[in-house]
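# Architecture and fold: a report
Chain by chain, the residues:
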Amino acid sequence: MFEQYKLPYAYDALEPTIDALTMETHHSKHHATYTATFNTFAEKAGVVGQPVEEVLANLDKIQDEAVRKGLRNNGGGYYNHNLYFSIMSPDGGGEPTGLLKEKMDAAFGNFDSFKEQITALATGQFGSGWAWMSVTPAGELVLSNSGNQDNPISLGTGNKPIFALDVWEHAYYLKFKNLRGEYIKEFFKVVDWKKVEELYKAAVN
Ligand SMILES: [Fe+2]
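Residues numbered from 1 in each chain as written. Predicted model: local features only at pLDDT ≥ 70, side-chain atom pairs only at ≥ 80, totals over all residues. Heavy atoms only, no water.

### Points about the environment of proline 161
Under the convention used in this document: The way it works is that DSSP assigns letters per residue, a run of H or I at least four long becomes a helix, a run of E at least two long becomes a strand, and they are numbered from the N terminus. The rule is simple: take the accessible area with a 1.4 Å probe, protein chains only, and divide by the maximum for that residue type; under 20% is buried, over 50% is exposed, in between is partly exposed. By definition in these notes, contact holds between two residues if any of their heavy atoms fall within 4.5 Å.
Considering the arrangement of structural elements, one finds proline 161 in strand β3 (residues 160–166). Judged by relative accessible area, which is 7%, proline 161 ranks as buried. Separated by 114 residues in the primary sequence, proline 161 and valine 47 have C-alpha atoms spaced 21 Å apart. In this structure proline 161 touches Tyr79, Leu83, Trp132, Met133, Ser134, Pro152 and Ile153, once residues within four positions along its chain are discounted.

As structure tokens, this is what we get:
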């Protein structure tokens, strides 16, 4: 049984950046549904008990097309939101520090340049999807985007995501309406860079 990520903060804790109704709907409706549906397909596929990363990295081994598609979309939705919710915090914002700052500056020049690059990927993602910062097998940081609930694992890149930015309309529409760019600008105010650094360190170990 895959357990939904439990928020370590209240639904209104990220106000005014992310409004309480968006957080509650996103977590208790959208993510809860992804989790429940993922569990249904995981049982059908006989992959309950495996880490979700392993399930997503081995989708091509699932013979039944409907089950494979169900795992890809709902396992992706489960994994992606777990990461997204975990890298936000009421104490977030500011800039990366320590090892993460070093690595990000080496990869992207500086923090402003990182923000420009990830924003371009997030705004340029046509329709629903995500923008990512991931760690390559060589320990380098790379940015990407993906449609629907795909991610660097299910796309078979071999990279481990450590930063997820949800650009489905359900992530911002109640407050920001059609202004995806405004939501992205605000999102940086709640990013927990300490958590992202932890994930970086775990990914390279
Ligand atoms: Fe979402």
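### Thoughts on the nonpolar core
Spelled out, the test is: As used in this record, nonpolar core signifies buried Ala, Val, Leu, Ile, Met, Phe, Trp, Tyr and Cys residues forming a set joined through side-chain atoms within 4.5 Å. For each domain, the first and last residues come from an automatic or database assignment.
With 59 residues, the main nonpolar core has Phe114, Met133, Phe163, Tyr183 and Trp193 as its most contacted residues. Top contributing element to this core by residue count: helix α3 (residues 65–86), with seven residues. Built from parts of two domains, this core gets at least three residues from each of domain 1 (20–86) and domain 2 (98–204). Apart from the residues lying within four places of it in its own chain, the contact partners of tyrosine 183 are Ile18, Tyr84, Leu165, Asp166, Val167, Ala171, Tyr172 and Phe176.

### Here we look at the layout of surface pockets
Rules: Put simply, the grid is 1 Å and covers the protein atoms alone, a cavity is a trapped set of points that fit a 1.4 Å probe, a pocket is an open set with protein on both sides within 12 Å along at least five of seven lines, and lining residues have an atom within 4 Å of a point. Grid points are joined across faces, edges and corners, and a volume is the space filled by probe spheres set on the points.
Taken as a whole, the largest pocket spans an internal volume of roughly 350 Å³. As for the largest pocket, its lining consists of 14 residues, of which Glu53, Tyr79, Leu83, Pro161 and Leu199 are closest to the centre. It is α3 that provides the largest number of residues to the lining of the largest pocket, a total of five residues. Shared between two domains, the lining of the largest pocket takes at least three residues from each, and those domains are domain 1 (20–86) and domain 2 (98–204).

### Quick word on the coordination of the iron ion
We apply this condition: Sodium, potassium and calcium take a 3.2 Å donor cutoff, other metals 2.8 Å, and in both cases only N, O and S atoms count; water is not among them, so sites may look incomplete. Here a site with four donors is tetrahedral if all angles are between 85 and 135 degrees, and a site with four or six donors is square planar or octahedral if opposite donors are over 155 degrees apart and the other angles are between 65 and 115; anything else gets the irregular label.
Every protein donor of the iron ion is listed here as His26 (NE2), His81 (NE2), Asp166 (OD) and His170 (NE2), and their distances to the metal cover 1.9 to 2.1 Å. One can describe the donor arrangement at the iron ion as tetrahedral, given that its four donor atoms subtend angles of 91 to 131° at the metal. All donors of the iron ion come from a single chain, and their spacing in sequence reads H-x54-H-x84-D-x3-H. Take aspartate 166 and histidine 170: they sit in the same class, and that class is buried.

### Digging into the domain arrangement of the protein
Accessible area lost upon the coming together of the parts serves often as the stated size of an interface. Operational definition: As used here, buried area is the combined drop in accessible area, with a 1.4 Å probe, of two parts when they are placed together. Put simply, a salt bridge is a Lys or Arg side-chain nitrogen that is within 4 Å of an Asp or Glu carboxyl oxygen. Pairing of N or O atoms within 3.5 Å defines a polar contact, subject to two protein rules: one partner must be a possible hydrogen donor and the other a possible acceptor, and residues neighboring in sequence count only if both atoms are side-chain atoms.
Considered domain by domain, the protein is made up of domain 1 (20–86) and domain 2 (98–204). Computed from C-alpha atoms alone, the centre-to-centre distance between domain 1 and domain 2 is 19 Å. Contacts between the two partners involve 19 residues from domain 1, matched on the other side by 22 residues from domain 2. Interface area for domain 1 against domain 2, summed over the two sides, is near 1,700 Å², with a carbon-plus-sulfur share of 60%. Taken as a group, Asn80, Leu83 and Tyr84 account for 34% of the area that domain 1 buries against domain 2, more than any other trio of residues on that side. The interface formed by domain 1 and domain 2 includes one salt bridge. A salt bridge links arginine 72 to aspartate 150; its shortest N-O distance comes to 2.8 Å. Summed over the shared surface of domain 1 and domain 2, the result is eight residue pairs in polar contact (both at pLDDT 80 or more). Secondary-structure elements contributing two or more residues to the side of domain 1 that touches domain 2 are α1 (20–45), α2 (52–57) and α3.

### Structural notes on the environment of phenylalanine 176
For phenylalanine 176, the position within the fold is in helix α6 (residues 173–176). Taking the C-alpha atoms as reference points, phenylalanine 176 and alanine 20, 156 residues apart in sequence, are found 13 Å from one another. Setting aside its immediate chain neighbours within four residues, phenylalanine 176 contacts Thr17, Glu182, Tyr183 and Glu186.

### A few points about helix α7 (residues 180–187)
Which entries qualify depends on this criterion: Taking the helix axis as origin, the arc is that swept by the directions to the C-beta atoms.
Taken as a whole, α7 has its buried residues at Arg180, Tyr183, Ile184, Glu186 and Phe187. The buried residues of α7 occupy one face: seen down the axis, they fall within an arc of 165°. Its buried side turned inward, α7 meets α3, α5 (111–124), β3 and α6.

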